[in-house]
Amino acid sequence: MQDISKAKLDLDPTLNEIIKVDVLRTFTLDSNFPRNRLLNILECGTVALLHGASYCQGMNYMAGLLYYLSDSDEEIFQLYVSLIENKMTPIFNSGFQKLKSYFYVLDNLMHMYIPDINEALKVF
């Protein structure tokens, strides 16, 4: 397991800016949401990821949801890194093949069960 106190904040400046922008977009209706703490988790988590996964849009919400489950930054950090490494990294590896297969299944299920919505979404 990774340790938040040992994670270096040696991020690429461009990636750091992307994370900062995403943090500002996270749960904007919750005025008490701890954005500064989320920023720290995302920066440290991005550096701590071991298997080639890097930060991408949407991870701010994954980590942000964990703040509704725990008050401990250390626990949130551990959960976030573990979730990315154990469950999400396979989705992002190998040219997104696993992600593409999930979207294929989703598209077919929507076509079968909610064809009107599926057709409306094809416009986008």
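Before any of the text, the structure's been laid out above.
Per chain, residues are indexed from 1 in the order of the written sequence. This being a predicted model, a pLDDT of at least 70 is required before a residue's local features are given, and a value of 80 or more before pairs of side-chain atoms are given or counted; all residues contribute to the totals for chains, interfaces and linings. Computation of side-chain values: all heavy atoms of the structure, hydrogens and water removed.

**A look at the pattern of salt bridges**
Any Lys or Arg side-chain nitrogen located within 4 Å of an Asp or Glu carboxyl oxygen qualifies as a salt bridge. Under the defined criterion, the tally for this structure stands at 4 salt bridges. Glu-17 is the salt-bridge partner of Lys-20, the closest N and O atoms lying 3.8 Å from each other. Of this pair, Lys-20 and Glu-17 both sit in helix α1 (residues 13-25), 3 residues apart, which is roughly one turn of that helix. Relative accessibility thresholds used throughout: buried, under 20% of the residue-type maximum; exposed, over 50%; partly exposed, between the two (1.4 Å probe, protein chains only). Classification of Lys-20 as partly exposed rests on a relative accessible area of 34%. Take Glu-17: its relative accessible area is 45%, and that puts it in the partly exposed class. Strands here mean DSSP runs of E at least two residues long; helices mean DSSP runs of H or I at least four residues long; both are numbered from the N terminus.

**Quick word on the nonpolar core**
Among the buried residues, those of types Ala, Val, Leu, Ile, Met, Phe, Trp, Tyr and Cys that are joined through side-chain atoms within 4.5 Å form a nonpolar core. Residues Leu-38, Ile-41, Leu-42, Tyr-55 and Tyr-80 are the most contacted members of the largest nonpolar core, which totals 22 residues. The set of elements that each furnish at least two residues to this core consists of α1, α2 (35-48), α3 (59-66) and α4 (73-92). Per-element tally for this core: the top contributor is α4, with 7 residues. By the convention used here, residues are in contact when the closest approach between their heavy atoms is within 4.5 Å. Dropping the residues within four chain positions of it, Leu-42 is found in contact with Ile-19, Val-23, Tyr-55, Met-59, Asn-60, Ala-63 and Tyr-80.

**As for the side chain of Thr-46**
With respect to the element layout, Thr-46 can be found in helix α2. Only 2.7 Å separates the side chain of Thr-46 from the backbone oxygen of Leu-42, close enough to count as a polar contact. Two N or O atoms count as a polar contact when they lie within 3.5 Å, although within protein this holds only if one can serve as hydrogen donor and the other as acceptor, and sequence-adjacent residues are included solely when both atoms are side-chain atoms.

**Describing the packing of α1 against α2**
Between two packed helices, the angle of one axis relative to the other and the distance separating the axes together describe the packing. The axes used here are C-alpha line fits, helices contributing only the stretch in contact, and every angle between their N-to-C directions lies in the interval 0 to 180 degrees. For the pair α1 and α2, the least separation of the axes is 10 Å and the interaxial angle reads 145 degrees. Considering how the two elements wind past one another, α1 and α2 form a crossing that is right-handed. Of the residues in α2, those in contact with Leu-15, Asn-16, Ile-19, Lys-20, Val-23 and Leu-24 of α1 are Arg-35, Leu-38, Leu-39, Leu-42, Glu-43 and Thr-46. Crossings are assigned a handedness: left-handed for a near helix turned anticlockwise from the far helix by less than a right angle, right-handed for a clockwise turn.

**Topic: α3**
Turning to α3, its buried residues are Met-59, Asn-60, Ala-63, Gly-64 and Leu-66. For α3, the arc enclosing every buried residue in end-on projection is 150 degrees, short of the 170-degree limit, so these residues lie on one face. Contacts from the buried residues of α3 go to α1, α2 and α4. Throughout, the arc means that of the directions going from the helix axis to the C-beta atoms.

**Details of the packing of aromatic side chains**
Each aromatic pair joins two rings of Phe, Tyr and Trp (for Trp, the six-membered one) with centres within 6.5 Å, and gets the label stacked for planes under 30 degrees apart, edge-to-face for over 60, and tilted for any other angle. Inspection of the entire model under this criterion finds 5 aromatic pairs. Note on Phe-27 and Tyr-61: the rings are 5.3 Å apart at their centroids and 90 degrees apart in plane angle, and the pair reads as edge-to-face. A residue pair is termed long-range when its members are at least 10 positions apart, and Phe-27 in the loop between α1 and α2 and Tyr-61 in helix α3 qualify at 34 residues. We classify Phe-27 as partly exposed; its relative accessible area is 22%. One aromatic cluster is present, formed by Phe-27, Phe-33, Tyr-61, Tyr-67 and Tyr-68 through successive ring pairs.

Limitation: the analysis is restricted to geometry and does not speak to function.
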